Amino acid sequence: MLQTLQDRFVTNFIADDRWKYILEGLGVTLRVTFFAVLIGIVIGFMVAVVRSTYDRTGKLKILNLFCKLYLTVIRGTPVVVQLLIIYFVIFGSSDISKTLVAVMAFGLNSGAYVAEIFRSGIMSIDNGQFEAGRSLGFNYVQTMIHIIMPQAFKNVLPALGNEFIVLLKETSVSGYIALQDLTKAGDIIRSRTYDAFMPLIAVALIYLAMVLIFTKLVNMLERRLRSSDH
């Protein structure tokens, strides 16, 4: 039995340097996740500011309508469908990098959820903080930048960390546009060796390891934030 497992391991990962598929796929997954998170944070921040400004002051009504439409569409449709639409419909007639398409699709998707995270953080700040900013001579924008956002960002950091973990797992559908991410790499090995167990279990274990590592980092961050409040 042990010898059989060793033979299967060699066949799936050592022969023809198939382990390189896993390594390259892991790199693609991490790159897509990292840049998608950055895009998601930027979009989410802007949408959250618009929506919270409208909620508190009634201003930016038109922008708020566009933001609500964006949130409704993105949060109401599967990310894999969004990925396919961007690749085959929006950029169907152009030669564009699959990695760039994945980054845009997952970034737009993540932005909708990050927006609600940021918005909840902003709305959790007491109105007295706005009044304190005004008493210091700040206008609304200055109050948001110097008083509200630092507190809100601190409150939502753990939730942003969890969004990063969710996004990492969501990128596993990148294979639908033939992007060779980690999941696709395992499937390529399976198609070459006709052995599903070894490559797919290896992919699952790598995802699990990454999630456990990032979860640990998020928990450490939460503890640091709690301790800094005392």
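Chains are numbered independently. Their residues run from 1 in the order of the written sequence. In view of the model being predicted, local features appear only for residues whose pLDDT reaches at least 70, and side-chain atom pairs are presented and counted only at 80 or more, with totals across whole chains, interfaces and linings using the full set of residues. Here the side-chain values reflect all heavy atoms present in the structure, with hydrogen atoms and water set aside.

This paragraph deals with the packing of aromatic side chains. Note on ring pairs: Phe, Tyr and Trp rings are taken, using the six-membered ring of Trp, and paired if centres are within 6.5 Å. Classes follow the plane angle, with under 30 degrees stacked, over 60 edge-to-face and the rest tilted. Going through the model one piece at a time under the given rule, you end up with 5 aromatic pairs. Centroid distance Y87 to F88: 4.8 Å. Interplanar angle 80°. Geometry classified as edge-to-face. Residue Y87 is classed as buried on the basis of its relative accessible area, which comes to 17%. Ring plane angle 85° and centroid distance 4.8 Å describe the contact between F164 and F214, whose orientation is recorded as edge-to-face. Within this pair, whereas F164 is found in helix α7 (residues 140–170), its partner F214 is found in helix α9 (residues 197–229), the two being separated by 50 residues in sequence. Exposure categories follow from relative accessible area, calculated using a 1.4 Å probe and restricted to protein chains: below 20% of the type maximum is buried, above 50% is exposed, and the middle band is partly exposed. Where helices and strands are cited, they refer to DSSP runs of H or I of at least four residues and of E of at least two residues respectively, numbered from the N terminus.

This part is about empty space enclosed by the protein. In the cavity and pocket records, a cavity denotes points on a 1 Å grid over the protein atoms alone where a 1.4 Å probe fits but cannot get out, a pocket denotes an open set with protein on both sides within 12 Å along at least 5 of 7 lines, and lining residues are residues with an atom within 4 Å of a point. Grid points are joined across faces, edges and corners, and a volume is the space filled by probe spheres set on the points. Evaluated as defined, the whole model comprises 1 cavity of 30 Å³ or more. For the largest cavity, the calculated volume is near 40 Å³. Together, V37, I41, S110, V114, L160, E163 and F164 line the largest cavity. Sort the elements by how many residues they give to the lining of the largest cavity and α7 lands first, with 3 residues. Of the residues belonging to the lining of the largest cavity, the class tally is 5 nonpolar, 1 polar and 1 charged. In the scheme used here, Gly and all other residues not listed as nonpolar or charged are polar, with Ala, Val, Leu, Ile, Met, Phe, Trp, Tyr, Cys and Pro taken as nonpolar and Asp, Glu, Lys and Arg as charged.

Quick look at the nonpolar core now. Judged by nonpolar contacts, the single largest core of 18 residues is most densely connected at V32, L83, V101, A102, F106, I177 and L179. Sorting the residues of this core by element identifies α2 (19–57), α4 (79–90), α5 (98–123) and α7 as the ones contributing at least two each. The criterion used for residue contact is that any of the two residues' heavy atoms lie within 4.5 Å. Ignoring sequence-local partners within four residues, the contact set of L83 consists of V101, A102, A105, F106, V173, S174 and I177. What we call a nonpolar core is a set of buried Ala, Val, Leu, Ile, Met, Phe, Trp, Tyr and Cys residues that are connected through their side-chain atoms within 4.5 Å. Ranked by size, the runner-up nonpolar core spans 15 residues in total, among them I125, F130, V156 and L160.

Okay, a nonpolar patch on the surface next. Residues qualify for a patch when their relative accessible area is over 30% and they have no salt bridge, like charges being joined within 9 Å and the nonpolar side chains of Val, Leu, Ile, Met, Phe, Trp and Tyr within 5 Å. Using a 1.4 Å probe, the Shrake-Rupley method yields the accessible areas, and only the shown protein chains count as cover for residues. Salt bridge criterion: a side-chain nitrogen from Lys or Arg within 4 Å of a carboxyl oxygen from Asp or Glu. Taken together, the side chains of F9, V10, I14, W19 and L23 present a nonpolar region at the surface, about 470 Å² in accessible area. If you list the elements that add at least two residues to the nonpolar patch, you get α1 (2–14) and α2. With respect to the secondary-structure elements, V10 resides in helix α1. For V10, a relative accessible area of 41% puts it in the partly exposed group.

This next bit is on the pattern of salt bridges. Enumeration according to the criterion identifies 7 salt bridges in this entry. Between D17 and K20 there is a salt bridge, with its nearest N and O atoms 3.8 Å apart. Judged by relative accessible area, K20 falls into the partly exposed class, the value being 37%. One salt bridge in this structure joins D55 and R119, with 2.8 Å as the shortest N-O distance. Taken together, the residues span a long stretch of sequence, with D55 in helix α2 and R119 in helix α5 at a distance of 64 residues. Here the salt bridges do not stand alone but share partners, grouping R51, D55, E116 and R119 into one network.

Take α4 next. For α4, the complete set of buried residues consists of V79, Q82, L83, I86 and Y87. With its buried residues spanning 120° around the axis, α4 presents them on a single face. Seen from the buried face of α4, the exposed residues on the opposite side, beyond 90 degrees, are F88 and V89. Among the structural elements, α3 (61–76) and α5 are those in contact with the buried residues of α4. It is the directions from the helix axis to the C-beta atoms whose arc is reported.

With that settled, consider the packing of α2 against α5. The axes are straight lines fitted to the C-alpha atoms, using for helices just the contacting stretch, and the angles between their N-to-C directions are given from 0 to 180°. At a closest axis distance of 5 Å, the pairing of α2 and α5 adopts a crossing angle of 40°. Considering how the two elements wind past one another, α2 and α5 form a crossing that is right-handed. Residues belonging to the contact of α2 with α5 are distributed by class as follows: 18 nonpolar, 7 polar and 5 charged. In this scheme, a crossing is called left-handed if the near helix is turned counterclockwise away from the far one by less than a right angle; it is called right-handed if the turn is clockwise.

Time to look at the layout of surface pockets. The volume enclosed by the largest pocket comes to roughly 240 Å³. Around the largest pocket sit F34, V37, L38, I41, L157, L160, G161, F164, F214, L217, V218 and L221, which together line it. Elements with a minimum of two residues in the lining of the largest pocket: α2, α7 and α9. Tallied by class, residues from the lining of the largest pocket come to 11 nonpolar, 1 polar and no charged.

With their axes 9 Å apart at the nearest point, α3 and α5 run at an angle of 120° to one another. At the point where α3 passes α5, the crossing takes the left-handed sense. On α5, the residues that touch Y70, L71, I74 and R75 of α3 are L108, N109, G111, A112, Y113, A115 and E116. Each residue belonging to the contact of α3 with α5 can be placed in one class, and the counts come to 7 nonpolar, 2 polar and 2 charged.

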